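# Coordinates in review
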Number of protein chains: 2
Amino acid sequence: MVAVLHEKIADSLREQIRRGELPVGAELPSESQLCEQWKASRGPVRQALAALRAEGVIAGGRGKPPVVRSASIGQPFDTLLSYSAWARSIGRTPGQRTLELALRRADAHAASVLHVEEGSPVVQVLRLRYLDGAPTMLERTTFVEHVGRRLFDFDCDSGSVWSYLLSQGVRFATASHVIDAVPADGTDSLHLGVPEGAPLLRQQRTARGPDGEALEYHDDRYLPGIVSFTLENTFDARCALSRTATP
Amino acid sequence: MVAVLHEKIADSLREQIRRGELPVGAELPSESQLCEQWKASRGPVRQALAALRAEGVIAGGRGKPPVVRSASIGQPFDTLLSYSAWARSIGRTPGQRTLELALRRADAHAASVLHVEEGSPVVQVLRLRYLDGAPTMLERTTFVEHVGRRLFDFDCDSGSVWSYLLSQGVRFATASHVIDAVPADGTDSLHLGVPEGAPLLRQQRTARGPDGEALEYHDDRYLPGIVSFTLENTFDARCALSRTATP
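Small disclaimer: the values here were computed from a predicted structure and weren't measured. (Residues numbered from 1 in each chain as written. Chains lettered and ligands numbered in written order. Predicted model: local features only at pLDDT ≥ 70, side-chain atom pairs only at ≥ 80, totals over all residues.)

## Comments concerning the sheet that holds strand 10 (residues 242-245) of chain A
Pairing is antiparallel across the open sheet formed by 8 strands, whose spatial order is 3(A)-4(A)-5(A)-8(A)-7(A)-6(A)-9(B)-10(A). Edge positions in the sheet fall to strand 3 (94-105) and strand 10 of chain A, since each of these pairs with one other strand and no more. Sheet twist, expressed as the mean angle between neighbouring strand axes with direction ignored, is 20 degrees. Taken together, the 7 bridges between strand 5 (residues 134-144) of chain A and strand 8 (residues 214-222) of chain A define a ladder with antiparallel strand orientation. In the strand pairing of strand 8 of chain A, A:E139 is matched with A:D220. (Pairing = 2+ DSSP bridges. Helix = DSSP H or I, 4+ residues; strand = E, 2+ residues; numbered from the N terminus. Axes fitted to C-alpha atoms, helices over the stretch in contact; angles between N-to-C directions.)

Next comes the structure, spelled out in structure tokens:
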């Protein structure tokens, strides 16, 4: 996908903010300066600034020059989804040990999260994930059959399932995430080495294709004290994260 | 704060998406139609669409008409911060019982999160929060002294501390959130009625004023199964939420 001009401008500003060349409180270049620098008209410059404003990264700009409000730049789509990509993005070494790769009939829960019929075939993978060699997370993934079958030709111990599926032409477009805390069950206890009932941080997520079809569902359980989920928000921008009451 | 035109356009579209008048998959009105409807030039319309795109709510728009990608509209700033505002926004009844309101000297942790000197005075509040009468969360808040002192004239059992502080002219501009899972300690166990070591979902947050001064720090611990944090993201937009490795 070729980035269009307003995306290039926004990416360049994000990078300058991330690297601290534009620290929190700093004024951004004026619209005119950005237009000149990028040989751009006002339109793309304003679209780039609007994107940064919506992300909560900059503030101001109503007559006043926009200023950097937060150096916390959100992660790209795949960094939140791919454990391997995420680990490498923070300079750590990801690892995995596949405990189970199974083609089985969907139980009620798998059927419900993937919107398939109960009893229809799904592929389930259970992997222990590592960070710099230390166990970090137990990953339970359920794939719809036509996606999951591709894994029977792949060594799940060799690296990122996510990257492999992308290389196979599987396209992910959107994802839903639910973050909560759960007590370790027998399987968690066995593989993560904590007592049953111990607290784990859970990220459930469902990734969907461009047509909205649910392709995979994750239930990832992290040992406490290793990973957290963080967010910056500002008074000017809506917050992407919602506090949700469990039904 | 008077909303400028591009914000009005964006808010109106968000509202139509939230109400399902523009369901997921639906095409938005074209730029020309929006210009005509709002008696606006292309600029504000494009800024509004760029904001929705950055939020992951719409997709497309490079030559193609933008379509609704997600009906999950982020919550306004104060809904993620104020427990009372959040509870009411989902039609539930918030409640609270103040267990302690104390002026004391900042320990190392309080000093570090509020960027004040260790030993300087801070105000700490411990409250048990309810949803429809059932205990839900134990809230530990630490305020810088000049903000916290205002609470000595307020009945913390009567409702939203957040609303009270706003009414007193305290201005919050940005906030950082860290979400993780922790084992219940003795205080949690006593007030939430769970065994020590039981899993709790924790939201830590620091709210800052317009000049960046940290004004309050929360450590909110939820009983499991009651609340989760949810997010939708899309391939087109950066994700505001980051997975973070604990140092």
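Anyway, onward from the coordinates.
## Some thoughts on the environment of B:L49
All names here are of chain B. As for its position among the elements, L49 is in helix 3 (residues 42-54). Taking the C-beta count within 10 Å as the criterion, L49 has 24 such neighbours and is therefore assigned buried. Between the C-alpha atoms of L49 and P66, which are 17 residues apart in sequence, the distance is 8.3 Å. (Buried ≥ 20, exposed ≤ 12 C-beta atoms within 10 Å, placed from the backbone.)

## Examining the domain arrangement of chain A
Domain parsing of chain A yields domain 1 (5-68) and domain 2 (77-222). Its C-alpha centre places domain 1 of chain A at a distance of 36 Å from the equivalent point of domain 2 of chain A. (Domains from an automatic or database assignment.)

## Observations regarding the sheet that holds strand 10 (residues 242-245) of chain B
Taken in spatial order, the 8 strands make up an open sheet running 3(B)-4(B)-5(B)-8(B)-7(B)-6(B)-9(A)-10(B), and their pairing is antiparallel. Every other strand in the sheet has two partners, leaving strand 3 (94-105) and strand 10 of chain B as the edge strands with one partner each. Recorded for the sheet is a direction-independent mean angle of 20 degrees between the axes of neighbouring strands. Bridge count for strand 9 (residues 227-234) of chain A against strand 10 of chain B is 4 bridges, and the pairing is antiparallel.

## Points about the nonpolar core
With 52 residues, the main nonpolar core has A:L241 and B:L241 as its most contacted residues. Not counting chain neighbours up to four residues away, the residues in contact with A:L241 comprise A:L231, B:L80, B:F229, B:L231, B:A240 and B:L241. Formed by 34 residues, the second largest nonpolar core is a distinct cluster that contains A:I58, A:V68, B:L22 and B:V45. (Core = buried A, V, L, I, M, F, W, Y, C linked by C-beta atoms within 7 Å. Contact = placed C-beta atoms within 7 Å.)

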